[in-house]
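The chain contents come next:
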Amino acid sequence: MTEPAAPDTLDSAIAVIGMSGRFPGAPDLAAYWQNLLAGVVSVTDFTEAELLADGADPAQVAGRDHVPSKGVLEGADRFEPALFGFNRTEAAVLDPQHRLLLETAWSALEDAGLNPLGAPARTGVYVGGGVTEHMLAAQTDPALAAQHGALQTRILTDREFLAPWISYRLGLDGPSLTVQTACSTSLSALHLACQALLLGDCDTALAGGVAVDSVRRRGYVHYEGGIFSADGRCRPFDEASGGTVPGNGVGVVVLRRLADALADGDPVRAVVRGSAVTNDGAARVGFTAPGVDQQTAAIREAWASAGLDPADAQYLEAHGTATRLGDRIEASAAGAAFAGAGTGSVALGSVKANLGHLDAAAGVAGVIKTVLMLEHGVIAPTAGAGRPNPELGLGDSPFHVVTEAEPWPEPAGGPRRAGVSSVGIGGTNVHVVLEQAPPRTAAAGAPSEREPEALLLSAHSEDALRALAGRLAAALRGPAAPDLADVARTLRLGRAPLAVRGYVVAGDHAEAAARLDGLALGRPGARPGDPAGPRARGEAWLRGELPDGPDRGRRVSLPGYPFAGESFGALSLDAVRTPAGAVEAPENTGPDAGPDAAVRALIVEALGLAGEQDMGMTYFAAGGDSLAAVHLVGCLRDDLGLDVPLTLFLEELTLDELARRIVASGSPDDALDALLSEFENV
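To start, this report covers the structure provided alongside it. From a predicted model like this one, the values you see are computed outputs, not experimental measurements.

Re the nonpolar core
- By size, the foremost hydrophobic cluster in this structure holds 79 residues, and its most contacted members are Ile166 and Leu455.
- When near neighbours in sequence (up to four residues on either side) are disregarded, Leu455 contacts Leu476, Leu484, Val487, Ala488, Leu491, Gly502, Tyr503, Val504, Ala512 and Leu516.
- Counting residues in hydrophobic clusters, the runner-up holds 50 residues, among them Phe23, Cys194, Leu197 and Val367.

Comments concerning the pattern of salt bridges
- Enumeration according to the criterion identifies 37 salt bridges in this entry.
- With its nearest N and O atoms 2.9 Å apart, the salt bridge here joins Arg122 to Asp203. Here Arg122 is found in the loop between helix H6 (96-111) and strand S6 (123-129), whereas its partner Asp203 is found in the loop between helix H11 (185-199) and strand S8 (204-211), with 81 residues between them in sequence.
- In this structure, the salt-bridge partner of Arg154 is Asp158, at a minimum N-O distance of 4.0 Å.

Digging into the state of the cysteines
- Enumeration over the complete set of coordinates arrives at 0 disulfides.
- Cysteine Cys183 shares no disulfide, and the gap to the nearest cysteine sulfur, in Cys234, comes to 12 Å.
- Here Cys183 falls in the buried class, since its relative accessible area comes to 8%.

What to know about the packing of H11 against helix H16 (residues 362-376)
- For the pair H11 and H16, interaxial distance at closest approach is 5 Å and the crossing angle is 65°. Taken together, the axes of H11 and H16 are roughly perpendicular relative to one another. From H11, Ser186, Leu187 and Leu190 reach across to H16, where they touch Ala362, Gly363, Val364 and Val367.
- The class makeup of the residues in the contact of H11 with H16 is 5 nonpolar, 2 polar and no charged.

Some words on the pairing of S8
- Counting buried positions along S8 yields 8 of 8 residues, so the element is predominantly enclosed.
- In this sheet, S8 lies alongside S6 in parallel orientation, the contact comprising 7 bridges. Bridge assignment links Tyr126 to a residue of S8, and that residue is Ala207.
- With 8 bridges connecting them, S8 and strand S10 (residues 249-257) associate as antiparallel partners. The residue bridging Ala211 from the neighbouring strand is Gly249, located in S10.

A look at H6
- Between its first and last C-alpha, H6 extends 22 Å over 16 residues, near the 22 Å set by a 1.5 Å rise per residue.
- The buried fraction of H6 amounts to 16 of the 16 residues, a majority that puts the element mostly inside the structure.
- Residue Asp95 occupies the N-cap position of H6, its side-chain oxygen lying 2.8 Å from the main-chain nitrogen of Gln97.
- The positive-phi residue at the C-terminal boundary of H6 is Gly113, with phi of around 75°.

As for the environment of Ala570
- With respect to the element layout, Ala570 can be found in the loop between strand S21 (566-567) and helix H21 (595-607).
- Expressed as a C-alpha distance, the spacing of Ala570 and Thr157, which sit 413 residues apart in the sequence, is 11 Å.
- Discounting chain neighbours no more than four positions away, the residues touching Ala570 are Pro96, His134, Val215 and Arg216.

How each quantity is defined
Residues numbered from 1 in each chain as written. Predicted model: local features only at pLDDT ≥ 70, side-chain atom pairs only at ≥ 80, totals over all residues. Heavy atoms only, no water. Core = buried A, V, L, I, M, F, W, Y, C linked by side-chain atoms within 4.5 Å. Buried < 20%, exposed > 50% of the residue type's maximum accessible area, 1.4 Å probe, protein only. Contact = heavy atoms within 4.5 Å. Salt bridge = Lys/Arg side-chain N within 4 Å of Asp/Glu carboxyl O. Helix = DSSP H or I, 4+ residues; strand = E, 2+ residues; numbered from the N terminus. Disulfide = S-S within 2.5 Å. Axes fitted to C-alpha atoms, helices over the stretch in contact; angles between N-to-C directions. Parallel < 35°, antiparallel > 145°, perpendicular 65-115°, else oblique. Nonpolar A, V, L, I, M, F, W, Y, C, P; charged D, E, K, R; others polar. Pairing = 2+ DSSP bridges. Expected span 1.5 Å × (residues − 1). Polar contact = N/O pair within 3.5 Å; in protein donor to acceptor, adjacent residues only side chain to side chain.

Geometric descriptors of this kind do not, in isolation, establish any biological role.
Structure follows, in structure tokens:
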């Protein structure tokens, strides 16, 4: 349990109980924090050969104003479809943003100590994403529409369905909203999630954003007076600032009302004390230009909603695009809002200096950075910061740009507090007030008085199980390793029970880490001398059961599922082609091949099966769903002249039996024709 907070903070405060993200140079939050602390610039500079190999336009690459730089998200084309119920064909069509956001949502729930496939009732989803090359290519490719159906292609690729896919695949029954406010998308999503929690629309919420415009190496063209930097570096509020750099990333946070989180012993990582959103309206020089007054208003309203003054802040995570106009307007707007603070008393930074501009994921990248700083009591430097831009007048302002990591002690008057700002093209300004989490009390009972624990692990494959064991072993050797009872409880109740399982029994951290290392090498985790109780729980776990455990321990943050799926590629606008991982259309699928062979080939193609050896599975076990069934029925009718009832796909039949029943079925179905017509006209 966490110590009680003052009653007046509980009414409108929201707890951040879990978070996950992947950013340029950082496959997880541990790497992200180390990069932030060291001031690492994670923007990649490409060679001409690298760009050309990934299909870049040779004439553009050779152009004088081409800049071969970007904040690259490694592995953005990788995915583990079976974990989320997708077959290989669907996974190849599914937009990389959807794939990444699904995995990141899973990891964020795990970080909160929640089973991703058994999250609390009334869990809402508020996320957004950017426009992608894959989405545009898919939705303009008539061959793909013919193969999978136009509606199915749209549902698998359009950013409109980012939130619904998470809700569907993770079984979340709260509100599900895809939010779009350009560069301020993910912070707008967080604001809306907080409002939904306070209004009672949901009791738990996921909020965040993703931006993967392309999985390929791409530079950009610099235009004089445009928003992009001429040298491939982003230097917010700096004398050398000249624009921003595009980047890719994804981040999700898990939110609950603070009162509920405290009552349930959630691992609170930070507190959202208030938030606000405004729009500049017509009070700006152009549609893409920011405005001063409503940026100031968003900050003031957010702190007012928290019952606090902006002068209570010690840090501001700014939007900080490093454009001359944007930085000048933001410095002026924030300076007016924080005017009550002493000169230079508020540290100023922007994560865009590290990553580039992550578009729809920019705000959540700043939120996660700020939560990590609040937790560690350290303010990370602004990467590459030099002399502040004298045009901004920061010397007489409440701000100082952080050039080196500096301690962030708790103020005498209360906890650490910070603001996070995000500004979207189109004028939507968002500001969020973050606060250090209240201290968590120690678990009851001395560790020496407890019996050894059974640590239960599961994964979708043997390789993933071994990787998970290795990651957990490393975490238990760390200086801030949680109590072993907390680890055992979190692994038992805060993870999805998957098919491939293992366990170890240990009485302390050193023994647990050593045995987990053995499990990572493929050795059994159990030993003959293990205590009967923990060993019995472990053996029940291996049999596919979820055993009862001792009623002790808390949910804590532990290493999550080690996603490392294969590459499924992405479609390209330059040359729309079969995406990596897709199954090539089989030969002899028409009526001349014989109805049985043609039906089987069509099923293999539609479900992305390895071949007819997979026909022993049921339709749904192979990754089929109702929409794919509608498409299959249409193909059977149009290509093979077979009219079959849609209900046939809903029966518990093997694909072998399904194929036989399809061939045997031949009666027209007027209701099906009407349904197909309805889908075609959506």
